[in-house]
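Fold and geometry: a report
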Amino acid sequence: MINFHPELAHLRAFAEGTCPTNLALMISAHVDLCPRCQAITMQAQEEAGLEVFSGKLNAADPQPDFNDMMLQIMQTPDVEAPVLQPVNNMLELDGKHFALPRALARYTHKTGNWSRLVGKLWQAPVDLGQDGQANFIYMEKGGKVPEHTHKGTEFTLVIDGQFSDGLADYDCGDFTIMDSTKKHMPFSEADEGCLVFTMVDKPLHFTSGLARLLNPFSQLFFK
Amino acid sequence: MLVGIPLESKHSHAVVPKDCADEMSSYLVLVGQSRCKRSFAEIFNYFAPRLRSYALKQMGNEALAMELVQDTMSNVWQKSHLFNAEKGAPSTWIFTIARNIRFDMLRKQRNRKEDICADDLWPVLCEQTADVNEVSLDEQITLQQLGIIFEDLPKKQREVIEAIYIEGKSQQEVADQFEIPLGTVKSRTRLALQRLKEMLKDND
């Protein structure tokens, strides 16, 4: 059951095409999983469409000659009545298969190998091109990320299973935005573990125990 | 040929898309079914200029606005068979196509800031492996290693690091606790971190 939705302003900005593109990807994937937000964005897109395409053209804004463009478009050879490409929307880890939302399926071939992290965690990087990098993080049952806060913003979408973080419990489809005001320690006690899709724009900042010692070395471990 | 088709056809002039939705729907269906050029011209002549005005406002650049129009209307031509009148109005469908293309254009435009790599974002937790099959490291090893190395620090440095990083005290509090000058706390912290860094390097 989805309890955490993008805020309404973000849903609208996504529908209207005015939010940052990385947020757009997260919301698009959430919308794939969430009938409520799908209805809201459809409604917003309808309103936006009416606004953009309503009414007379402004005479004070002379239009260029579109004829060439139109003819050129109609001359493009017919694409064979496209059989909908069978997109591989499954993500595999260790014999487990996860179905990805439509918006993320286009990135399966941009997803790198899984790496094992400390604490029963797995990570696979996703190359988003100009949007930078995202990660699939899989927490095995009992897996946990050391307590941390965020120097920037962290988007998280639950793809499969459940996890908690000391602030709340999250289920499949839940979407959260964390920032420097929120400190949390994600962990999963679900039998099937938990797969999330996440984007951070700045390194995590560990806040507890020995993990704090790791902060000054974030660059060092990886060349 | 279609050269003679006027840009603004008579009846699509002043109507709001709500009023012409049915008409545009049927044109779209015709394009989808039979690549009807006349129908496409009706659609094009109504939507393209309005889309350009909107895009120009949003993007503030004539060339980009025209690119958006071109890509959107190409999609309309190519994908008209996917339009489903029962699911929504042509204005919704075409706006959504334009919206998606705009997101793609923004993605391409954006100069890649600095390359952020996952390793920086998920510091230290990551045991780098090229292949899943190579994973054999104990999952706790990094933190454990760190603990062992930490024990090797000189006592005075370790105390300071412990107080700051584990007990979460401020440097001033540590200075007060050990009755040493603040500058000493700072230099011990710096030295300890440097030392840890070297030991971790050697440990690789």
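Residues numbered from 1 in each chain as written. Chains lettered and ligands numbered in written order. Predicted model: local features only at pLDDT ≥ 70, side-chain atom pairs only at ≥ 80, totals over all residues. Heavy atoms only, no water.

This next bit is on the sheet that holds strand β5 (residues 133–139) of chain A. All names here are of chain A. Here 6 strands make up an open sheet; going across it, the order is β3-β4-β5-β11-β7-β10 and the pairing antiparallel. Strand pairing shows two members of the sheet lacking a second neighbour, β3 (115–117) and β10 (175–178), which therefore form its edges. The sheet shows a mean angle of 30° between the axes of neighbouring strands, taken without regard to direction. For β5 and strand β11 (residues 194–200), the ladder comprises 5 bridges, and the chain directions are antiparallel. Following the sheet pairing, M139 is matched in β11 by C194. Its contacts with the sheet place helix α2 (residues 21–33) against β7 (154–161), β10 and β11, and it is angled at close to 25° to β7. (Pairing = 2+ DSSP bridges. Helix = DSSP H or I, 4+ residues; strand = E, 2+ residues; numbered from the N terminus. Axes fitted to C-alpha atoms, helices over the stretch in contact; angles between N-to-C directions. Contact = heavy atoms within 4.5 Å.)

Two packed helices can be described by the angle between their axes and the distance between those axes. All names here are of chain A. One can describe the packing of helix α1 (residues 8–16) onto α2 by two numbers: an axis separation of 10 Å at closest approach and a directional angle of 100°. Considered as vectors, α1 and α2 are oriented roughly perpendicular to each other. Each of H10, L11 and F14 in α1 lies in contact with α2, whose residues at this interface are L23, A24, I27, S28 and V31. In terms of residue class, the contact of α1 with α2 is built from 6 nonpolar, 2 polar and no charged. (Parallel < 35°, antiparallel > 145°, perpendicular 65-115°, else oblique. Nonpolar A, V, L, I, M, F, W, Y, C, P; charged D, E, K, R; others polar.)

Now for the nonpolar core. Counting residues in each nonpolar core, the largest one holds 41 residues, and the members touching the most others are F53 of chain A together with F40, I43, F44, F47, M73 and V76 of chain B. Contributing elements (two or more residues each) for this core: α3 (35–53) and α4 (67–75) of chain A together with α1 (17–34), α2 (37–59), α3 (62–79) and α4 (90–109) of chain B. Sort the elements by how many residues they give to this core and α2 of chain B lands first, with 11 residues. Residues within four places of I43 of chain B in sequence aside, it is in contact with M24, Y27, L28, V31, A48, M73, V76 and I94 of chain B. Ranked by size, the runner-up nonpolar core spans 37 residues in total, among them L25, M26, Y107 and W114 of chain A. (Core = buried A, V, L, I, M, F, W, Y, C linked by side-chain atoms within 4.5 Å. Buried < 20%, exposed > 50% of the residue type's maximum accessible area, 1.4 Å probe, protein only.)

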